[in-house]
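# Close look at the chain arrangement
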Amino acid sequence: VNVLDVDGNPFVREAVKAYSQWPTIPQLFVNGSLLGGSDIINDLFQNRQLAETLRRFGDEEADAEGSADDADESSEVALVDDAKRRPTATSISKAISEGLGPLLQFRLKDDSAQHSGDAGALEMGLTSESHFRLDIASPKFRGLSPVKRQQLVFDVLKDVMPRIHAISLVTRTPEEI
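Thresholds, definitions, all that
Residues numbered from 1 in each chain as written. Predicted model: local features only at pLDDT ≥ 70, side-chain atom pairs only at ≥ 80, totals over all residues. Heavy atoms only, no water. Helix = DSSP H or I, 4+ residues; strand = E, 2+ residues; numbered from the N terminus. Buried < 20%, exposed > 50% of the residue type's maximum accessible area, 1.4 Å probe, protein only. Contact = heavy atoms within 4.5 Å. Areas by Shrake-Rupley, 256 points an atom, 1.4 Å probe, with all protein chains shown as cover. Arc of directions from axis to C-beta. Pairing = 2+ DSSP bridges. Axes fitted to C-alpha atoms, helices over the stretch in contact; angles between N-to-C directions. Expected span 1.5 Å × (residues − 1). Salt bridge = Lys/Arg side-chain N within 4 Å of Asp/Glu carboxyl O. pLDDT = per-residue confidence, 0-100. Core = buried A, V, L, I, M, F, W, Y, C linked by side-chain atoms within 4.5 Å.

### Section: the overall build of the protein
Scanning the protein from terminus to terminus reveals six helices and five strands. Mapped from its N terminus to its C terminus, the protein presents α and β elements in the order α-β-β-α-α-α-β-α-β-α-β. Expressed as a percentage of the 177 residues in the protein, the buried residues total 37%. Sequence-distant contacts in the protein: of pairs separated by 6 or more residues, those separated by 24 or more amount to 63%. Carbon and sulfur atoms form 50% of the exposed surface of the protein, whose accessible area is close to 10300 Å².

### A closer look at helix H2 (residues 38–46)
Taken together, the buried positions of H2 are occupied by Ile40, Ile41 and Leu44. Taken around the axis of H2, the buried residues stretch over an arc of 100 degrees, which confines them to a single face. The exposed set on the far side of H2, more than 90 degrees from its buried face, consists of Phe45 and Gln46. Of the residues flanking the end of H2, it is Arg48, one or two places downstream, whose phi is positive at about 60 degrees.

### Quick notes on the sheet that holds strand E3 (residues 105–110)
Strand order in the open sheet formed by three strands is E3-E4-E5, and the pairing between neighbours is mixed. Both edges of this open sheet fall to E3 and strand E5 (166–172), since each of them pairs with a single strand only. Averaged over all neighbouring strand pairs, the angle between strand axes comes to 10 degrees, with direction disregarded. Of the strands in this sheet, strand E4 (131–137) and E5 touch helix H6 (residues 146–156), which is tilted by about 125 degrees from E5.

### Some details on helix H4 (residues 87–100)
Taking 1.5 Å of rise per residue, 14 residues should cover 20 Å, and H4 covers 20 Å from first to last C-alpha, within 8% of that figure. Of all the positions in H4, only Thr88, Ala89, Thr90, Ile92, Ser93, Ala95, Ile96 and Leu100 are classed as buried. Against the buried residues of H4 lie E3, E4 and H6.

### Topic: the pattern of salt bridges
A full pass over the atoms with the stated rule returns eight salt bridges. Asp135 is the salt-bridge partner of Arg107, the closest N and O atoms lying 3.2 Å from each other. Of this pair, Arg107 sits in strand E3 while Asp135 sits in strand E4; the two residues are 28 residues apart in sequence, bridging distant segments of the chain. In this structure, Glu175 and Arg142 form a salt bridge, with 2.5 Å as the shortest nitrogen-oxygen distance. Within this pair, whereas Glu175 is found in the segment after E5, its partner Arg142 is found in the loop between E4 and H6, the two being separated by 33 residues in sequence. Taking the relative accessible area as the measure of exposure, Glu175 reaches 54% and is therefore exposed. Each of Arg107, Asp135 and Arg172 takes part in one network of salt bridges that share partners.

### Considering the confidence of the model for the protein
Of the residues in the protein, 78% have a pLDDT of 70 or more, and the chain-wide mean is 78. Helix H5 (residues 119–123) is the least confidently modelled element of the protein, averaging 61 in pLDDT, while H4 averages 94, the highest of any element. With pLDDT under 50 throughout, residues 60–74 is counted as low confidence; its partners more than four residues away or in other chains account for 15 contacts.

### Describing unusual backbone geometry
Cis geometry marks the peptide bond from Gly101 to Pro102, where omega comes out at 5 degrees. The residue Pro102 is located in the loop between H4 and E3 in this model.

### Structural notes on the nonpolar core
One finds Ile92, Ile96 and Ile136 to be the most contacted residues of the largest nonpolar core, which totals 19 residues. Elements with a contribution of two residues or more to this core: H4, E3, E4 and H6. Tallying contributions element by element places H4 first for this core, with five residues. Beyond its immediate chain neighbours, meaning those up to four positions away, Ile96 contacts Gly101, Leu103, Phe106, Ile136, Val153, Val156 and Leu157. Ranked by size, the runner-up nonpolar core spans nine residues in total, among them Leu34, Ile41, Leu44 and Leu50.

Now the structure itself:
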């Protein structure tokens, strides 16, 4: 079924979104489970993780359990703690640290300056700190598809999301670092 053919399949697009509980199409399913929309698939490809993710995602024996040793692995965790000058970045850091800890990797890049005057952000009343890229490694992502990982991050950030116009996510397990 060509979900991009709106005239030929007018209800399929919405049915696919409702079935998968994911807003973008096209979508890639592996072994009957949603791996992600084109945005996630493209990010995985750009980060050279697509082949490994397809292999791992197709393996039904994926380990969903974390271990207490995960916090001992070394990596970069750069939380922002400057509520006066960077309130949104600070709120993101705090929510991610509390909701997904222990973090093995966390990088937050504020791309807002590259989107100065963005009409969508301005409509939301945002004039700064509106566009972010996050790179997160957490044992809480084990056994989760890329879509489920992103949904988990969005859930953790639910109180901060009204202050964010665009966010790009790279999510990894400890084994993927």
